[in-house]
Amino acid sequence: MGRPRKSRSPAEPAATAGSSDGDSGTEGYGSAGSSTCTAVAKVLTRPKRVQRTRSGCVTCKQRRKKCDEKFIAERKGTQPRCGDCRRLGLVCQRSPAPSSRRPTTSPSIFTTLIAPPPPICFYDGCTPQEKHLLQHYTCVVSKSLSVVPDEINSFISLFVPMALQQPAMRNALLGLSATHLKRVHPGYDLAAVEHQNKAVHMANALLRKGDDQSSMEGLAAILFLCLQEICEGRSRQWPMHLEAAVTLINNKGGPMAFPYSVRFLVEAVAYFDSVATLSLTKSAFLDQQFYLPLSPVAPLPAHALFGTSHALFAIIADISQLSQVSHIRYHSPAAETNFRAVASELELQLQTWSPVPCTSQTTDPNLHYKVTAAGIMLQWAALMRLHLIVESSDPRGIHHPKVRTAVRNILVALEAIPEGDLVESMLVFPMFAAGFGAVTEEEKRTVRERFAIMERSIGFGNVFDAHELVELKWRKVEEERRCGLEVVGSAENMTWEQLVREGEQTLLMG
């Protein structure tokens, strides 16, 4: 179909929205869904599953999965892990040696959930439960937040030392860890609330002081209070914490007023500020330009949140701002012309964006290809979002060729990211977009299965919430078809904003 395609070496990035390689339909974005991202996808072809045995590690048993017992230490001095634990980035707790005597009690959570973590110099007065929560954050939660391995993960290198030294940050971090843990062990519910309340009071006290050091400590605590609400899911509180954080940054003179040593802290706030615009239909509070690289094509180290897609998040914020003023376009022909001109400029920026090389030297040799694939998924999700805003009255809705192309390309790029990989933390928005635009049963199955994996590997409430909203739309479409109401009040053509409002919570797609 179409003209012959030029072969591409595996080291080259996948086709993006602006690439000329591939057929171009009259209403498409300029590349065919069948060819997009194939270079990345081929690099990370998934190995065949190994034959499994009856016994294995405790971690796999707790997940009700068979363990392959292929215990390998990735580097000298590290604990050997089985195949699934390595693939999912889990701590692999080995089964105890067989014993003729049955244990009288079930294994303790302190010995089965988490293996011994990297050495942590605990603070004075640290209780056994607090030690466990710090270990759980270091070994599990920090991985759910970051797309990069531990050695370059700022959620460990920056925030763990801050937590050990600063009580407000410590309680916010412990509250986040307890909230994440209580999904498996509800007994941590009380600890989550107690640490959250302490963090709120301490952060308020810091902010009342007003000096630079107190403001920085208070900002870190507020960020983690926001993360705790996101982890909880079904929450309307995280926008309040996010607004408090950006207000603090702006009152201190903007992002560049903070020292470089805590630049990641401000970048994390900016990341969630940008992503929040997708569901709150608001403009970003912060200047999204401060974290952009000086050169859009120069190689970049992988960022724990952005990967190498920094520029896309600034464009996503601009798209949401366009959505916020979309009603003005109908006031006059001149307003409509201006609206479409701005939209065309944003579309051009998205189409001409291309992934930049990743310079990070880590234990993951495929990090570049995976963050590239995630960036391509974000690119197509943003193009789809922009189209749905500009052509909101088009009766074809999600059947429009541009939407169909975007969904196909998101799912093709998804093939390059292994199930349970750290990079999945970047995929909530593109997977929600693919689910929103999914039409075929194959598309829905792919979205449903990957969301189910992300729920287990990430464990944050916003992943469950995004999946639930997508399933809600599919159920509504199916109900209308059964009732013969495909034209009148069609759920299939429900707008993005209508679907987000259907939820009882405020969804964060990041």
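None of the values given here were measured: they were computed from a predicted structure.

A. Highlighting the packing of helix α17 (residues 428–437) against helix α18 (residues 441–457). The geometry of α17 relative to α18 is characterised by a closest axis approach of 9 Å and an angle of 150° between their N-to-C directions. As the angle between them shows, α17 and α18 are arranged roughly antiparallel. Relative to α18, α17 is oriented so that their crossing is left-handed. Here Val428, Met431, Phe432, Ala434, Gly435 and Gly437 of α17 come into contact with α18, specifically with Glu443, Val447, Arg450, Phe451 and Met454.

B. Inspection of the confidence of the model for the chain at higher detail. Residue-level pLDDT values for the chain average 78, and 76% of them are 70 or greater. Confidence, read as mean pLDDT per element, is least for helix α4 (residues 109–112) in the chain (29) and greatest for helix α16 (residues 401–414) (96). Segment residues 20–26 is flagged for pLDDT under 50; beyond a separation of four residues in sequence, or across chains, it makes 18 contacts in the model. Within the model, pLDDT remains below 50 along residues 95–118, and this stretch shows 36 contacts once partners closer than five positions in the same chain are excluded.

C. A look at the environment of Gln379. Relative to the elements of secondary structure, Gln379 occurs in helix α15 (residues 367–390). Linking Gln379 and Ile316, residues 63 residues apart in sequence, is a C-alpha distance of 9.1 Å. A distance of 3.3 Å separates a polar atom in the side chain of Gln379 from the backbone oxygen of Trp353.

D. Geometry of the nonpolar core. Counting 131 residues, the largest nonpolar core has Tyr137, Phe155, Phe159 and Phe224 as the members making the most contacts within it. In terms of residues, this core owes the most to one element, α15, which gives 16 residues. No fewer than three residues from each of domain 1 (117–287) and domain 2 (308–509) sit in this core. The contacts of Phe224, once residues within four sequence positions are left out, are Tyr137, Phe155, Phe159, Met169, Ala172, Leu173 and Leu176. Counting six residues, the second-largest nonpolar core is a separate cluster that includes Cys57, Cys67, Cys85 and Cys92.

What counts and how
- Residues numbered from 1 in each chain as written.
- Predicted model: local features only at pLDDT ≥ 70, side-chain atom pairs only at ≥ 80, totals over all residues.
- Heavy atoms only, no water.
- Axes fitted to C-alpha atoms, helices over the stretch in contact; angles between N-to-C directions.
- Helix = DSSP H or I, 4+ residues; strand = E, 2+ residues; numbered from the N terminus.
- Parallel < 35°, antiparallel > 145°, perpendicular 65-115°, else oblique.
- Left-handed = near helix turned anticlockwise from the far one by under 90°.
- Contact = heavy atoms within 4.5 Å.
- pLDDT = per-residue confidence, 0-100.
- Polar contact = N/O pair within 3.5 Å; in protein donor to acceptor, adjacent residues only side chain to side chain.
- Core = buried A, V, L, I, M, F, W, Y, C linked by side-chain atoms within 4.5 Å.
- Buried < 20%, exposed > 50% of the residue type's maximum accessible area, 1.4 Å probe, protein only.
- Domains from an automatic or database assignment.

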